Amino acid sequence: MDGIFKHNVVNLVISTLAILCAYCIELGGVLFWFGGLLVIPAIAVWFQFKFALGCFKLRLSVAVAPWLVLCLSGLLWASKASHDGQRAMNMLFFEMPLYSILIGALVVTTRFIYKKFRERS
């Protein structure tokens, strides 16, 4: 169990740092305007799930956790904006990855269930 925990922690740290670095260098703004915030998080959830170890729930939580932390902290920060237009734009900026995460999690879950079903038959 120690190896699984260590591997998943490394996965979480690397993915969280990559996400934060991308947002710090304003890559999120570019992706926002070109629709990348609807695609990149779903692909990242797929790969993070693929390289995580453990049971399904653990792997899915490792894949989704860094994105949820970023989006929820961003949504809390955006909700405190004083101007309505700025608040709406900031909320949309952090809602888009949430939708992508949901789609990625649904695809990963569907594929996982399909693989289990094929193994049984």
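Residues numbered from 1 in each chain as written. Predicted model: local features only at pLDDT ≥ 70, side-chain atom pairs only at ≥ 80, totals over all residues. Heavy atoms only, no water.

Here we look at the packing of helix α3 (residues 40-51) against helix α5 (residues 84-120)
So, step 1. Contact geometry of α3 with α5 gives a least axis separation of 7 Å together with a crossing angle of 40°. On the basis of their axis angle, the class for α3 and α5 is oblique. Once α3 is placed against α5, the crossing between them reads as right-handed. Together, P41, A42, V45, W46 and F49 of α3 and P97, S100, I101, G104, A105, V107, V108, R111 and F112 of α5 make up the contact between the two elements.
So, step 2. Counted by class, the contact of α3 with α5 contains 11 nonpolar, 2 polar and 1 charged residues. (Axes fitted to C-alpha atoms, helices over the stretch in contact; angles between N-to-C directions. Helix = DSSP H or I, 4+ residues; strand = E, 2+ residues; numbered from the N terminus. Parallel < 35°, antiparallel > 145°, perpendicular 65-115°, else oblique. Left-handed = near helix turned anticlockwise from the far one by under 90°. Contact = heavy atoms within 4.5 Å. Nonpolar A, V, L, I, M, F, W, Y, C, P; charged D, E, K, R; others polar.)

A few points about the environment of C24
So, step 1. When you line up the elements, C24 lands in helix α1 (residues 2-24).
So, step 2. In this structure C24 comes out as exposed when scored by relative accessible area, which is 62%.
So, step 3. For the pair C24 and V45, spaced 21 residues apart in sequence, the C-alpha to C-alpha distance is 20 Å. (Buried < 20%, exposed > 50% of the residue type's maximum accessible area, 1.4 Å probe, protein only.)

A word on the pattern of salt bridges
So, step 1. Per the counting criterion, the structure on display carries 1 salt bridge.
So, step 2. Measuring nitrogen to oxygen at the nearest pair gives 4.0 Å for the salt bridge that ties E119 to K116. In this pair, E119 and K116 both sit in helix α5, 3 residues apart, roughly one turn of the helix.
So, step 3. Since its relative accessible area comes to 58%, E119 is described here as exposed.
So, step 4. Using a relative accessible area of 39% as the deciding quantity, one classes K116 as partly exposed. (Salt bridge = Lys/Arg side-chain N within 4 Å of Asp/Glu carboxyl O.)

Examining the side chain of N11
So, step 1. On the secondary structure map, N11 appears in helix α1.
So, step 2. A relative accessible area of 12% means that N11 is categorised as buried.
So, step 3. There is a polar contact of 3.4 Å between the side chain of N11 and the backbone oxygen of Q48. (Polar contact = N/O pair within 3.5 Å; in protein donor to acceptor, adjacent residues only side chain to side chain.)

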